[in-house]
Amino acid sequence: EAQLVESGGGSVQAGGSLRLSCAVAGHIYSRYCMAWFRQALGKEREGVAAFNADGTTTYADAVKGRFTISKDNTKMTLYLQMDSLKPEDTATYYCAALRLCADFEAGGRYWGQGTQVIVSS
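Let me sum up the structure you'll find in this document. Everything numeric in this text was worked out from a predicted model, so none of it was measured. (Residues numbered from 1 in each chain as written. Predicted model: local features only at pLDDT ≥ 70, side-chain atom pairs only at ≥ 80, totals over all residues. Heavy atoms only, no water.)

### Some thoughts on the nonpolar core
Right, on to step 1. Counting 30 residues, the largest nonpolar core has Trp 36, Leu 80, Met 82 and Tyr 93 as the members making the most contacts within it.
Right, on to step 2. In this structure, Phe 37, Ala 50, Ala 96 and Leu 98 belong to the second largest nonpolar core, which totals six residues. (Core = buried A, V, L, I, M, F, W, Y, C linked by side-chain atoms within 4.5 Å. Buried < 20%, exposed > 50% of the residue type's maximum accessible area, 1.4 Å probe, protein only.)

### Quick word on the side chain of Asn 52
Right, on to step 1. With respect to the helices and strands, the residue Asn 52 is situated in the loop between strand E5 (46-51) and strand E6 (57-59).
Right, on to step 2. Under the relative-accessibility criterion, Asn 52 is labelled buried at 16%.
Right, on to step 3. A distance of 3.1 Å separates polar atoms of two side chains, one belonging to Asn 52 and the other to Thr 58.
Right, on to step 4. If we skip the residues at most four places from it in the chain, Asn 52 touches Cys 33, Thr 57, Thr 58 and Ala 102. (Helix = DSSP H or I, 4+ residues; strand = E, 2+ residues; numbered from the N terminus. Polar contact = N/O pair within 3.5 Å; in protein donor to acceptor, adjacent residues only side chain to side chain. Contact = heavy atoms within 4.5 Å.)

### A few points about unusual backbone geometry
Right, on to step 1. Of note in this structure, Met 76 is not a glycine but carries a positive phi near 50 degrees.
Right, on to step 2. Relative to the assigned elements, Met 76 resides in the loop between strand E7 (67-72) and strand E8 (77-82).

### Observations regarding the pairing of strand E3 (residues 18-24)
Right, on to step 1. Extensive coverage of E3 is indicated by the burial of five of its seven residues.
Right, on to step 2. Summarising the sheet, strand E1 (residues 4-7) and E3 pair through four bridges and their orientation is antiparallel. The residue bridging Glu 6 from the neighbouring strand is Cys 22, located in E3.
Right, on to step 3. Bridge analysis of E3 against E8 gives six bridges, and the strand direction is antiparallel. Within E8, the position partnered with Leu 18 by the bridge is Met 82. (Pairing = 2+ DSSP bridges.)

So, in structure tokens, the structure goes:
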């Protein structure tokens, strides 16, 4: 069973917006700190945004002010609103349930399949 399912990726021009969604199984949604990662060609996977254990959020410096992580508890869905997209944002984006809250480096206990974002100049 797919426990994290991403959607919303696509191809957009620089300056455009996309909203990624990740439907999460309830037992994961309620027990883990959820996060978004991305991996671009030739680069290491990096944490993008995450909910912390206390409900606050953490963002990578590269996306601060442009990306917003949110969630809908009724739908058990995680979102990543991406505005003012740049070509450097081109990557495969993954939602994940973190092994350890506030620790991108520890990675996810559960991962989505990824959704591709392409930003053209």
